[in-house]
Amino acid sequence: MSRPPPSIAAPLAANDMAQPPSDSQWGDIVQQLGAEIAGPLSAALERIHTLISTGQIDRQGLRALRDSVAQAREAGMVSQQLARLASGRLRLSRERVPLTQVLRGVLTQRSRETQARGIQIRQLLQPIEVITDASLLFSLLNAVMDWALASTHSSLEMRLDLTPWPAKARLMCRFAHRSLDLGSAPSAAINAPPESLNSLHWRLIEQTALTLGVLPLREDEAGITMLTLEFPQVAGDEPAVPQELPPPARPERPEPDDPTPSHNSKPLAGCHLLIVSPRREVRQEIQNAVRHMGLIIDAVSSMDEALQFCEEGLPHGIAFEQSMRDADFDRLRVDITGEVPSFSFIEVLDGEQQTQLSTATAEHMARISRQNLQDALPSVLLFELSKAL
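In what follows, the accompanying structure is described. Sequence order sets the numbering: in each chain, residues are counted from 1 along the sequence as written. Selection of residues for local features in this predicted model requires a pLDDT of at least 70, selection of side-chain atom pairs for listing and counting requires 80 or more, and totals for whole chains, interfaces and linings are taken over all residues. To get the side-chain values, all heavy atoms of the structure are used, and hydrogens and water are removed first.

**Let's talk about the packing of aromatic side chains**
1) Next: Only Phe, Tyr and Trp rings are paired, with Trp represented by its six-membered ring, and only when their centres lie within 6.5 Å; those with planes under 30 degrees apart are stacked, over 60 edge-to-face, the remainder tilted. Counted under the stated rule, the structure contains five aromatic pairs.
2) Next: Between the aromatic rings of Trp147 and Phe175, the centroid separation amounts to 5.4 Å while the plane-to-plane angle is 75°, which identifies the pairing as edge-to-face. Here Trp147 is found in helix 5 (residues 134-151), whereas its partner Phe175 is found in strand 5 (residues 169-176), with 28 residues between them in sequence.
3) Next: Think of it in three bands: with a 1.4 Å probe and only protein chains considered, a residue is buried below 20% of the maximum accessible area for its type, exposed above 50%, and partly exposed in between. For Trp147, a relative accessible area of 0% puts it in the buried group.
4) Next: Overall, Phe175 belongs to the buried group, its relative accessible area being 1%.
5) Next: Ring geometry for Trp147 against Trp202: centres 5.2 Å apart, planes inclined by 40°, an arrangement best described as tilted. Of this pair, Trp147 sits in helix 5 while Trp202 sits in helix 7 (residues 200-212); the two residues are 55 residues apart in sequence, bridging distant segments of the chain.
6) Next: Judged by its relative accessible area of 0%, Trp202 is buried. Runs of H or I in DSSP of at least four residues are treated as helices and runs of E of at least two as strands, each being numbered from the N terminus.

**Some details on the sheet that holds strand 5**
By way of backbone hydrogen bonds, the strands of a sheet pair with one another, either parallel or antiparallel.
1) Next: Read from one edge of the open sheet, five strands run 2-4-5-7-6, paired in mixed fashion. The open sheet has two edge strands with one neighbour each: strand 2 (121-125) and strand 6 (215-221). This sheet shows a mean twist of 10° between the axes of neighbouring strands, independent of strand direction.
2) Next: Note that strand 6 and strand 7 (residues 224-231) share seven bridges and pair antiparallel. DSSP bridges decide pairing: two strands pair if at least two such bridges lie between them. Axis definition: a line fit to C-alpha positions, over the contact stretch in the case of helices; interaxial angles, taken between N-to-C directions, run 0 to 180 degrees.

**Some words on the nonpolar core**
1) Next: What makes a nonpolar core is a set of buried Ala, Val, Leu, Ile, Met, Phe, Trp, Tyr and Cys residues whose side-chain atoms join them at distances within 4.5 Å. Counting residues in hydrophobic clusters, the biggest one holds 72 residues, and the most contacted among them are Leu229, Phe231, Val290, Leu295, Leu377 and Leu381.
2) Next: Here this core gets twelve residues from one element, more than from any other, and that element is helix 5.
3) Next: In terms of nonpolar packing, the next biggest core, distinct from the first, is built from 18 residues, Ile318, Phe320, Leu332 and Met365 among them.

**Considering the sheet that holds strand 10 (residues 296-300)**
1) Next: Strand order across the open sheet formed by five strands is 10-9-11-12-13, with parallel pairing between neighbours. On the outer flanks of this sheet lie strand 10 and strand 13 (366-369), each paired with one strand and no other. The mean angle between the axes of side-by-side strands here comes to 20°, regardless of whether they run parallel or antiparallel.
2) Next: With five bridges connecting them, strand 9 (residues 272-276) and strand 10 associate as parallel partners. Bridging across to strand 10, His272 finds its partner in Ile296.

**What to know about unusual backbone geometry**
1) Next: Put simply, Trp165 and Pro166 share a cis peptide bond, and its omega is -5°.
2) Next: Assignment of secondary structure puts Pro166 in the loop between strand 4 (156-162) and strand 5.
3) Next: For Ala222, which is not glycine, the phi dihedral falls at a positive 50°.
4) Next: Mapped onto the elements of the fold, Ala222 is located in the loop between strand 6 and strand 7.
5) Next: Positive phi values are uncommon outside glycine, yet His364 reaches one of about 60°.

Right, here's the structure in full:
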């Protein structure tokens, strides 16, 4: 498959960049961010005005309103991760990471989502280890899934292998970016990839890969998209000693005198936490405790709502109030751990309670007192959610 001609190549595509983007290119990304937030919010506002004027909204209109708000929210969350990469002050670890195992874990985590959308994933994965930052690798693989699931009109093919000498790990994601029933469409319509392929999710893939030192190559041709991520450092037989990689080349700027962790130190940025509590004040306390961590946060007030939420896709962890431990919770936990044995549950208790990690409890669930949320919950989440990285 050949590279698409320049006229239809993605703007700022990583294929054409040897260095991280300049300030002007980041400006283009910010402009795109504004458009992807403003578009859905404008559509939502129009529907709200209609609701105010008529006093009515049908189920289809309500779904469209919810989808518009969700799109804007998603663009905002992607922007947080891009801002972290743009800072130039990330400190990346250098460690031996089982790429195949991490990828399979991500695919398992997203299996409910892919099934709900009717998308099959074909896996052809060789066992490969690479030297990289595990947390940012996890973010990169999830960004690939977000982009591919939003763009595909077919199944996904995930292939992982090694290139000939010099050996490099090569992850390939292949899918049809147009409907397969467009065979009779004009050739120009077939060859031109949709603009949705150049979304903020694609920008996030580019910038995360470049920050990791991974080469992202994208080819769009005849209705098919092939993304190849090339990892230059494959782990050999020698043990890798964990060490810190230098930050990406970008001028250092002094940090403000602020004790709150900045967006540059969010190893869990992009991870998804679901909060389950019938009390609004408890939900708010949990959110406030982890607001600085760059997490994607959703909250529901009942275990029945949590069950419905998880039917369409699993978060990476669930923080729940002790009063919610009932038969529905047991059913939810058995259901989730059957798919993801290492899934993280954090139980929030009233009264005095010593903070416990999942490794210290018989049920393999973390526990934390409500009064310790502000001080201890970020550390607990860092440990619990990192188990999946």
